[in-house]
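A look at the structure
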Amino acid sequence: MRMTAPASADTALVLVNLGTPDAPTPRAVRRYLSQFLHDHRVVQLTRWLWCPLLHFVILPLRSKPVAHKYASIWIDGDDGGSPLAVYTRRLARAVQLELPALRVVDAMRYGNPALPKVLDALREQGVRRALVLPLYPQYSTTTTASVGDAAAGAHGLATAMIDDYHHAPEWIAAVADSIRTHRALHGAGDHLLFSFHGLPQRLADAGDPYPQQCEASARDIAAALGLPDDAWSLSYQSRFGRERWLEPATDATLRAFASSGVKRVDVVAPGFAVDCLETLEEVSMMLAEEFATLGGEMRYIPCLNDAPAHAAALARIAERALAART
Ligand SMILES: C=CC1=C(C)c2cc3[nH]c(cc4nc(cc5[nH]c(cc1n2)c(C)c5CCC(=O)O)C(CCC(=O)O)=C4C)c(C)c3C=C
Ligand SMILES: [Fe+2]
Ligand SMILES: [Fe+2]
């Protein structure tokens, strides 16, 4: 145990991810999307405008095709489920091995295991303080701050939160090592593309630090790999809705690569702690297929998931945060 702060089982580390449907069915997807898209941190439109659009257009039209996408990536078996849930659960177990003096659990902002219930259960089990670690390396009001909202109601439990770890040396090294290893095993492409989840440009203009933190992470990882500036670039994926989102978009970037003769591209998604719908279906299946039809070859480099190096990095980040509090 490398913990510098006195640790006891009355302290918990709660790894919180976005959340995901309980089943790859339209009904379960609808329930999940409804909770997610009612969060004012995610969609800022007034209720009277947004609710009719959500209930009568978006949920009825989106649930079925999105359920179909989840079905294409669902993990079978006893420890199966949606990849986001499966890998988050396994990651929590791996971090627990790193931090035996703490209680390490996983929770979700939307869906199950629901964060407020997880915090209630910890309190009932005698835990007195909880360190909440949202599994978003880069801070955004739409994700990290929303986890803060949900954790704030944890009565009787002293909570603290790690806002981001986009610059944490252990995490940068773990991502860089995973890229190096993947390229050593599968060959290096002509270019490395860092693809981050997108955000409405309006929120960035209003001061959300997310794009600056994505840029800093990509720069740090590229530097750790010793890549020259023209060997890597950054783009944003998973646009939702009609307003302008951060640019450049990952799909447009890949198309531009194909037409300018950059044929072999490695894509990594360091904004995602674990693989999920947005990395497995959107990037490694759909965008890879589209790039192939344009004559290119994309190699998707998986997220850190439950790799020991990921668990160790998060454990060191948590230890530092706990040490700073005592
Ligand atoms: C306004 C809509 C959205 C914002 C803002 C947004 C920000 C955001 N999201 C992530 C991480 C993930 N998002 C995921 C899925 C997902 N995201 C949105 C919309 C917004 N995201 C939707 C509607 C969905 C569901 C799928 C769909 O209907 O297309 C996921 C994957 C979940 C899974 O089950 O696998 C992740 C992870 C970040 C980091 C972020 C902030 C910038
Ligand atoms: Fe509503
Ligand atoms: Fe999202």
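Model, not experiment: these values are computed from the prediction.

Another aspect to go through is unusual backbone geometry. Across the junction of asparagine 112 and proline 113, the peptide omega takes the value -5°, indicating a cis bond. Inspection of the secondary structure puts proline 113 in the loop between β2 (103–108) and α4 (115–124). Cis peptide bonds are those with omega within 30 degrees of zero, and the linkage from glutamate 247 to proline 248 qualifies with 0°. Locating proline 248 in the fold gives a position in the loop between β6 (232–237) and α9 (250–259). Residue serine 238 is not a glycine yet carries a positive backbone phi of 60°.

Further remarks concern helix α6 (residues 169–186). For α6, built from 18 residues, the straight-helix expectation of 26 Å at 1.5 Å per residue is met to within 8% by its first-to-last C-alpha distance of 26 Å. All of the buried residues in α6 are Trp171, Ile172, Ala174, Val175, Ala176, Ser178 and Ile179. Following α6 by one or two positions, glycine 187 has its phi on the positive side, about 90°.

Attention now goes to the site of ligand 1. Close to ligand 1 lie 23 residues, the nearest being Thr20, Leu84, His197, Cys276 and Leu277. Contributing elements (two or more residues each) for the shell around ligand 1: α2 (47–73) and α10 (277–293). Among the residues forming the shell around ligand 1, the class breakdown is 13 nonpolar, 8 polar and 2 charged. Taken together, domain 1 (11–165 + 307–325) and domain 2 (169–301) each give at least three residues to the shell around ligand 1, which thus spans both.

This part covers the domain arrangement of the chain. In terms of domains, the chain is made up of domain 1 (11–165 + 307–325) and domain 2 (169–301). Here domain 1 and domain 2 have C-alpha centroids that lie 23 Å from each other. Each partner contributes residues to the interface: domain 1 has 27 residues there, and domain 2 has 22 residues. When contributions to the side of domain 1 that touches domain 2 are tallied by element, the ones reaching two or more residues are α2, α3 (83–98) and α11 (308–325).

Hydrogen bonds between backbone groups are what pair the strands of a sheet, and the pairing can be parallel or antiparallel. Pairing is parallel in the open sheet, where 4 strands are placed in the order β2-β1-β3-β4. Of all strands in the sheet, those bounded by a partner on one side alone are β2 and β4 (158–161). Shown here is a sheet whose adjacent strand axes are inclined to one another by a mean of 25°, direction ignored. The pairing of strand β3 (residues 129–134) with β4 spans 4 bridges and is classified as parallel. The residue of β4 that forms the bridge with alanine 130 is threonine 159. Together, β1 (11–17), β3 and β4 form the strand contacts of helix α5 (residues 144–152), whose direction differs from that of β3 by roughly 155°. The sheet strands contacting α11 are β1, β3 and β4, and the helix crosses β3 at an angle near 135°.

What follows concerns the UniProt feature "binding site: Fe(2+)" (unreviewed entry) in the chain. Taken from the UniProt record, the annotation "binding site: Fe(2+)" (unreviewed entry) applies to His197 and Glu278. The annotated residues occupy 82 residues of the chain but converge on a single region, no pair of C-alpha atoms lying more than 8.1 Å apart. Residue classification places histidine 197 among the buried residues on the basis of 27 C-beta atoms within 10 Å. With respect to the secondary-structure elements, glutamate 278 resides in helix α10. For glutamate 278, a count of 19 C-beta atoms within 10 Å corresponds to the partly exposed category.

Taken residue by residue, the chain gives an average pLDDT of 96. The fraction at 70 or more is 98%. Scored below 50 in pLDDT, residues 1–7 shows 15 contacts in the model against residues more than four places distant or in partner chains.

This part is about the nonpolar core. The biggest cluster of nonpolar side chains holds 90 residues, and the ones touching the most others in it are Leu13, Val14, Val16, Val95 and Leu133. Among the elements that make up this core, the one with the highest residue count is α3 (8 residues). Split by domain, the residues of this core number at least three in each of domain 1 (11–165 + 307–325) and domain 2 (169–301). The residues contacting leucine 13, other than those within four sequence positions of it, are Val95, Leu99, Leu102, Val104, Leu131, Leu133 and Ala318.

With that settled, consider the pairing of β2. Across a regular strand the side chains alternate sides, sitting on one face of the sheet and then on the other. Burial analysis of β2 places 5 of its 6 residues in the buried class, the great majority of the element. Here β1 runs beside β2; their pairing, made up of 6 bridges, is parallel. Along β2, the bridge assignment pairs asparagine 17 with methionine 108.

At a minimum axis distance of 8 Å, the contact between helix α1 (residues 26–37) and α2 shows a crossing angle of 125°. When the axis of α1 is compared with that of α2, the two are oblique. Relative to α2, the crossing made by α1 is right-handed. Residues Pro26, Val29, Arg30, Leu33, Ser34 and Leu37 of α1 lie in contact with α2, whose contacting residues are Leu54, Ile58, Leu59, Arg62, Ser63, Lys64, Val66, Ala67 and Tyr70.

The rules behind these values
Within each chain, residues carry numbers counting from 1 in the order of the written sequence. For this description, chains carry letters from A and ligands carry numbers from 1, given in the order in which they are written. With the structure being a predicted model, the display of local features is reserved for residues of pLDDT at least 70 and the display and counting of side-chain atom pairs for 80 or more, all residues being used for whole-chain, interface and lining totals. Under the DSSP-based scheme used, a helix requires at least four consecutive residues in state H or I and a strand at least two consecutive residues in state E, with every element numbered from the N terminus. An expected span of 1.5 Å times one less than the residue number is assigned to each helix. Three exposure classes are used. Buried residues have 20 or more other C-beta atoms within 10 Å of their own C-beta, exposed residues have 12 or fewer, and partly exposed residues fall in between, all C-beta atoms being placed from the backbone. As used in this record, a residue near a molecule or strand is one whose C-beta atom, placed from the backbone, is within 6 Å of it. Polar here means any residue outside two lists: the nonpolar Ala, Val, Leu, Ile, Met, Phe, Trp, Tyr, Cys and Pro, and the charged Asp, Glu, Lys and Arg; Gly therefore counts as polar. Residue ranges assigned to each domain were obtained from an automatic or database domain assignment. By definition, residues are in contact whenever their C-beta atoms, placed on the basis of the backbone, come within 7 Å of each other. Note on pairing: two strands pair once DSSP finds at least 2 bridges between them. To get an axis, a line is fitted to the C-alpha atoms, and for a helix only the part in contact is used. The angle between two axes follows their N-to-C directions and goes from 0 to 180 degrees. UniProt positions are given in the numbering used here, feature names are shortened, and annotations may be inferred rather than shown by experiment. Each residue carries a pLDDT score, the predictor's own confidence in it, on a scale running from 0 to 100. A set of buried Ala, Val, Leu, Ile, Met, Phe, Trp, Tyr and Cys residues, joined to one another through C-beta atoms within 7 Å, is what we call a nonpolar core. Angle categories are assigned with fixed cut-offs, so that under 35 degrees is roughly parallel, over 145 is roughly antiparallel, 65 to 115 is roughly perpendicular, and the rest are oblique. Handedness of a helix crossing follows the sense of rotation of the near helix relative to the far helix, less than a right angle counterclockwise being left-handed and clockwise being right-handed.

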